[in-house]
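Survey of secondary and tertiary structure
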Amino acid sequence: MSIDQSTYDELREIAARYPQARSGLLPMLHLVQSVEGRVTPEGIQACADVLGLTEAEVSGVATFYTMYKRRPVGDYLVGVCTNTLCAVMGGDAIFERLKDHLDVGNDETTADGKITLEHVECNAACDYAPVVMVNWEFVDNQTPSSAVELVDDLRNGVERHSTRGPRLCTWRQAERVLAGFNDGLADEGPSAGAPSLAGLTIANENDWKAPSGD
Amino acid sequence: MTDTLTPVLTANWADDRSWTLPSYAARGGYAALDKALGMAPDEVITAVKDAGLRGRGGAGFPTGMKWSFIPQDNPNPKYLVVNADESEPGTCKDIPLMMASPHTLVEGVIISSYAIRAKVAFIYVRGEVLHVIRRLQAAVAEAYAAGHLGQNIHGSGYDLDLVVHAGAGAYICGEETALLDSLEGRRGQPRLRPPFPAVEGLYASPTVINNAESIASVPSIIANGPGWFAGMGTEKSNGFGIFSLSGHVTRPGQYEAPLGITLRQLLDLAGGVREAPNGQARELKFWTPGGSSTPLFTAEHLDVPLDFESVGAAGSMLGTRALQIFDETVCVVRAVLRWTEFYKHESCGKCTPCREGTWWLVQVLARLEAGQGSAEDLDLLLDQCDNILGRSFCALGDGATSPITSSIKYFRDEYLAHLEQGGCPFDPAKSTLFEEVPA
Ligand SMILES: Cc1cc2nc3c(=O)[nH]c(=O)nc-3n(C[C@H](O)[C@H](O)[C@H](O)COP(=O)(O)O)c2cc1C
Ligand code: SF4
Ligand code: FES
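Because the structure is predicted, anything quoted here is derived from the model rather than measured. (Residues numbered from 1 in each chain as written. Chains lettered and ligands numbered in written order. Predicted model: local features only at pLDDT ≥ 70, side-chain atom pairs only at ≥ 80, totals over all residues. Heavy atoms only, no water.)

Comments concerning the overall build of chain A
Of regular secondary structure, chain A possesses eight helices and five strands. Helices and strands in chain A line up, N terminus first, as α-α-α-α-β-α-β-β-β-β-α-α-α. Along the longest, intermediate and shortest principal axes, the C-alpha atoms of chain A span 60 × 60 × 30 Å. For chain A, with 214 residues in total, the buried portion stands at 61%. For chain A, the share of sequence-separated contacts (at least 6 apart) that also reach a separation of at least 24 residues comes to 64%. Surface exposure of chain A reaches about 8,000 Å², of which carbon and sulfur atoms provide 45%. The average position of the 17 basic charges and that of the 33 acidic charges among the side chains of chain A differ by 3 Å. (Helix = DSSP H or I, 4+ residues; strand = E, 2+ residues; numbered from the N terminus. Buried < 20%, exposed > 50% of the residue type's maximum accessible area, 1.4 Å probe, protein only. Contact = heavy atoms within 4.5 Å. Areas by Shrake-Rupley, 256 points an atom, 1.4 Å probe, with all protein chains shown as cover. Lys, Arg positive; Asp, Glu negative; His and termini not counted. Charge placed at Lys NZ, Arg CZ, Asp CG, Glu CD.)

Side note on the domain arrangement of chain A
Residues and elements named next belong to chain A. If you check the domain split of chain A, you get domain 1 (1–73 + 171–185) and domain 2 (76–169). Of note, the centres of domain 1 and domain 2, computed from C-alpha atoms alone, are 25 Å apart. At the boundary of domain 1 with domain 2, total buried surface from both sides reaches about 900 Å², with 59% on carbon and sulfur atoms. At the junction of domain 1 with domain 2, the criterion picks out two salt bridges. Across the salt bridge formed by R71 and D107, the nearest N and O atoms sit 3.3 Å from each other. Summed over the shared surface of domain 1 and domain 2, the result is two residue pairs in polar contact (both at pLDDT 80 or more). Residue composition of the side of domain 1 that touches domain 2, by class: seven nonpolar, one polar and three charged. (Domains from an automatic or database assignment. Buried area = accessible area lost by both parts, 1.4 Å probe. Salt bridge = Lys/Arg side-chain N within 4 Å of Asp/Glu carboxyl O. Polar contact = N/O pair within 3.5 Å; in protein donor to acceptor, adjacent residues only side chain to side chain. Nonpolar A, V, L, I, M, F, W, Y, C, P; charged D, E, K, R; others polar.)

Description of the nonpolar core
Side chains of a nonpolar character, in soluble globular proteins, are inclined to be buried together. Formed by 174 residues in total, the largest nonpolar core has its most connected members in B:W67, B:V109 and B:F122. Dropping the residues within four chain positions of it, B:F122 is found in contact with A:Y18, A:P19, B:Y79, B:L80, B:V81, B:V82, B:L162, B:V163, B:L183, B:L202 and B:Y203. (Core = buried A, V, L, I, M, F, W, Y, C linked by side-chain atoms within 4.5 Å.)

Considering the site of ligand 1
Residue and element names in this part refer to chain B. The full set close to ligand 1 counts 18 residues, and G57, N83, N210, N211 and S214 are the nearest of them. Contact distances for ligand 1 include 2.7 Å between an oxygen atom and a backbone N or O atom of G57. N83 has a polar side-chain atom sitting 2.9 Å from an oxygen atom of ligand 1. Among the elements of the structure, β4 (207–211) and α16 (395–421) are those that each provide at least two residues to the shell around ligand 1. Among the elements that make up the shell around ligand 1, the one with the highest residue count is β4 (three residues). (Near = heavy atom within 4 Å.)

Overview of the site of ligand 2
What surrounds ligand 2 is a group of 13 residues, the closest being B:C348, B:K350, B:C351, B:C354 and B:C394. Classifying every residue of the shell around ligand 2 by side-chain character gives eight nonpolar, four polar and one charged.

Considerations on the packing of helix α2 (residues 25–36) of chain A against helix α7 (residues 171–178) of chain A
Residues and elements named next belong to chain A. The N-to-C vectors of α2 and α7 enclose an angle of 160°; their axes lie 8 Å apart at closest approach. Between α2 and α7, the crossing angle belongs to the class labelled roughly antiparallel. As α2 runs across α7, the sense of the crossing is left-handed. On α7, the residues touching P27, H30, L31, Q33, S34, V35 and E36 of α2 are W171, R172, E175, R176 and L178. Of the residues in the contact of α2 with α7, the class split is five nonpolar, three polar and four charged. (Axes fitted to C-alpha atoms, helices over the stretch in contact; angles between N-to-C directions. Parallel < 35°, antiparallel > 145°, perpendicular 65-115°, else oblique. Left-handed = near helix turned anticlockwise from the far one by under 90°.)

Thoughts on a nonpolar patch on the surface
A cluster of nonpolar side chains, namely B:F61, B:M65 and B:F69, defines an oily patch on the protein surface of about 270 Å² accessible area. Within the element layout of this structure, B:F61 appears in the loop between α3 (41–51) and α4 (63–68). (Patch = residues over 30% accessible without salt bridge, like charges linked within 9 Å, V, L, I, M, F, W, Y side chains within 5 Å.)

Describing the pattern of salt bridges
One pass over the structure, following the stated rule, counts 35 salt bridges over all chains. A:E118 serves as the salt-bridge partner of A:K69, at 2.8 Å between the closest nitrogen and oxygen. Here the residue A:K69 occupies a position in the loop between α4 (55–62) and β1 (76–81), and A:E118 occupies one in strand β3 (residues 115–120), the gap between them amounting to 49 residues. The salt bridge partner of A:D153 is A:R160, with a shortest N-O separation of 2.9 Å. Comparing A:D153 with A:R160, the two get one shared label, buried. The network of salt bridges with common partners includes A:D92, B:R334, B:R338 and B:E341.

Structural notes on the sheet that holds strand β6 (residues 253–258) of chain B
Strand pairing in a sheet relies on backbone hydrogen bonds, with the paired strands running either antiparallel or parallel. All names here are of chain B. Taken together, five strands build an open sheet; the order of strands is β6-β5-β9-β7-β8 and the sheet is mixed. Each edge of the open sheet is held by one strand with a lone partner, namely β6 and β8 (297–298). Contacting β7 (284–288) and β9 (322–327), helix α13 (residues 332–346) runs over the sheet at an angle of about 15° to β7. (Pairing = 2+ DSSP bridges.)

Focus on the interface of chain B and chain A
Taken together, the contact between chain B and chain A spans 95 residues of the former and 83 residues of the latter. Between chain B and chain A the total buried area reaches about 6,900 Å² when both faces are included, carbon and sulfur atoms providing 60% of it. Of all residues in chain B, B:L130, B:R134 and B:A168 bury the most surface against chain A, accounting for 10% of the area lost on that side. Between chain B and chain A we count five salt bridges in total. Between B:R17 and A:D187 there is a salt bridge, and its shortest N-O distance comes to 3.3 Å. Applying the counting rule to chain B against chain A returns 41 residue pairs in polar contact (both at pLDDT 80 or more). Partitioning the side of chain B that touches chain A into residue classes produces 48 nonpolar, 30 polar and 17 charged.

Things to note about the UniProt feature "binding site: [2Fe-2S] cluster" (unreviewed entry) in chain A
Residue and element names in this part refer to chain A. According to UniProt, the feature "binding site: [2Fe-2S] cluster" (unreviewed entry) maps to C81, C86, C122 and C126 in the numbering used here. In summary, the annotated positions, though distributed over 46 residues, converge in three dimensions, the widest C-alpha pair being only 9.3 Å. Take C86: it is sitting in helix α5 (residues 84–102). Among the residues examined, C86 registers a relative accessible area of 3% and is labelled buried. Residues contacting C86, with those up to four places away along its chain left out, are C81, G91, D92, A129, P130 and V131. By secondary structure assignment, the location of C122 is in the loop between β3 and β4 (132–134). Of the residues examined, C122 reaches a relative accessible area of 5% and is grouped as buried. (UniProt positions renumbered as here; feature names shortened; annotations may be inferred.)

Dropping the structure here:
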C-alpha cells in the first residue's frame, strides 16, 4: 500500500506542532500504524520524506520502541500484564489461558485477523491487577475466564467497553489518537475506578482534609 | 496535628465529570494561575522553593532549586517538559491523576512554565494509556479555548503553547535525558551529563523536566502558600504525596497522605493484607517502598516513616511511593526473576554493564529458580550486581540490582530451598486472586 496525499498532509501537520519537525517522528509513526496496520517500508519512507531523514534513521527509531509493530496487528491488540505484580495476582494464568484459548503464542495474531496477543510490562494500573489492555485501554481486574469472555466477545463483534473508558475501538483507530488526532471520546467512562478513590473515600468518611491555606 | 490522609491532588477525583474544565473551575481551578500571573516569575520560584517541594518522580530533587538553575541570560528558548512516562513497575499515581483531573496538571504546567519563562511546554505521556491521552488532549483544547493557554494568557502578556506528546513504549524514556532524545524524535537513550538539561536540554536549550505529580502539586502551593505545604510532612520531606498500594492488600489504590506516613498506617486504612479466597488470613512477606528499582522491605520495616530520609536510612529509597505488597504465598525468587527480565528487556543497550549484565542476571536467576544452580550462584549474582551498580551509564542499571541484592539479603534461605528441592517450593496458584485452575 502506498501512502496517499491526505496522510502526507497529516504527517506534515504533526511535524508542524513542534519547534523542530523531527520531534514529530513518534506520533508520525503512530499515524503510519493507523493507516497501514503496522510500520511499513512505505510508511518509513513517508516519514523520512517529510522530515528530510534517511529511511535508515527512521527505521532505527521505529525498531527501538515496542509499540511499533513490523508485523500486521489484528483489530484488537490484547496485552496481558505479566510484570511481577500482575503476574503474581493472576496475569501469568490469564496469559497462559489466552494463549491456549486463542491458539497463538506471544506476539501472534489469530487466523481470523481479529486478535493479536502479547504480554506487556507494568501499565501503571497495579491497583487494578491483574490488568489486561485492549488497544491500550484498561480492562481491569481480570480473571482467566473473564479474559476468555472478553476475547470471544471481541472476535464475535459483541460491543465491549474499557472498565475506565469508552467502547473498545480498533487498534488502528487507537493509533490515530496516539498520533494526536482526538476522536472526541474523552468524555466517555468514569473519572476513576474504585481503587483510584480508595484513599479519598476513607478521608471523606473520617472528614480528613489537608489543612486550610495560609 | 495533620489528618492521616490529606486529599489535595485526589480531592476532586470523585466529582461529576471531574476531567472537564467546568468541573475543575467549580472548585476554584485556574485561580492559582491568576495569582501566579500577578507575581514575578522569580517569586513563583521562591514560593516553590520555600514550600520545600521535592521531585515526585523518584529522586526527590528540590523542584524550586531545579527551576532556579535555568540560566535566564541564555538567549535560547526555555522549555518545560513534564515526565508522564510512568513505567516504573508498581508506580500508578500519575496515570489516574491525569485521567481524573488533567486540568490540575495543565494548570501546573502553565504556572511552572511562567516561572521558568518557557513559551513552549510538553507533556510526554507514555503511549500505552489511550484514554488518559484523550483526556489530556481534551483538557489542553479546553484550556486554549478558555484563554488559559495560547497568546496573552489572562491578559498578562504571557504566551504559552502546550503539546501533548505520546511515547511509544520504552521504560528508559522515563529517564529524563533519554526522554529528551525521544522527544527530539530519536531512540530514547540517556545523554552524558554535564551538560545538564537546565543548561542544554531539549534542542540544546535550557529545559526543566519534572514528574507529572510534581507539576500538579504547584497550583496548590501557589493557592495556599508555601507555609501550608511545608507544614505537612516531615522536616526534610515536606508536603503530601500519593501513595499507591497494590498487590495483596484488601483495598488497593491511591492514598494521598503527608510524607512520613508508615506502611502500617496505610495497611490499616487499606484493610490489611488480603485474605485468601477461602477466607484464610495472610501475612505480609515483602514489599517495595518505591517501585521495583528500590530495595525490598519486609515486615520489619512496617514502621519506617515513608519519607526520603527515613526510607534511605533503612536501606531503600522512597522512589515513587509505589508500595507493592506481597504475602507469604509469593516466591521471592520468581518475583525477582520477573523484574530482572523486565530490566533486561528495557535496557537501552548503550552501556555494557547494563546491557550484558542484565542478560547474565537473568541467566543465573532463571537457573536458580528452576532449582538447577548451585549455592555459589548467589555469590555470582552479588558479584554481577557489584559490576553493574555504580558502573552503569544511568540509573536503570543500578535499579536492576536492587531487587536482587535486597532479596538475597532477606531471603537467602528461600533461594537455597529452590536448590534443595530442585525447583520452586511455591504454588503460584495460591497467590492469585481467584480460585480457577489455570489451563
Ligand atoms: C529508568 C528510569 C525511568 C524513570 N522513569 C520515570 C518516569 O516514568 N517518570 C518520572 O517522573 N521520572 C522517571 N525517572 C526519573 C527521571 O529521570 C527524573 O528524575 C524525574 O522525571 C525528575 O522529575 P522530578 O524532579 O519532578 O521528580 C526515571 C528514571 C530512570 C533512571
Ligand atoms: S544503564 Fe542500561 S538503560 Fe542506562 S544507559 Fe546503560 S544500557 Fe542504557
Ligand atoms: S504490574 Fe501490571 S499494571 Fe503494574
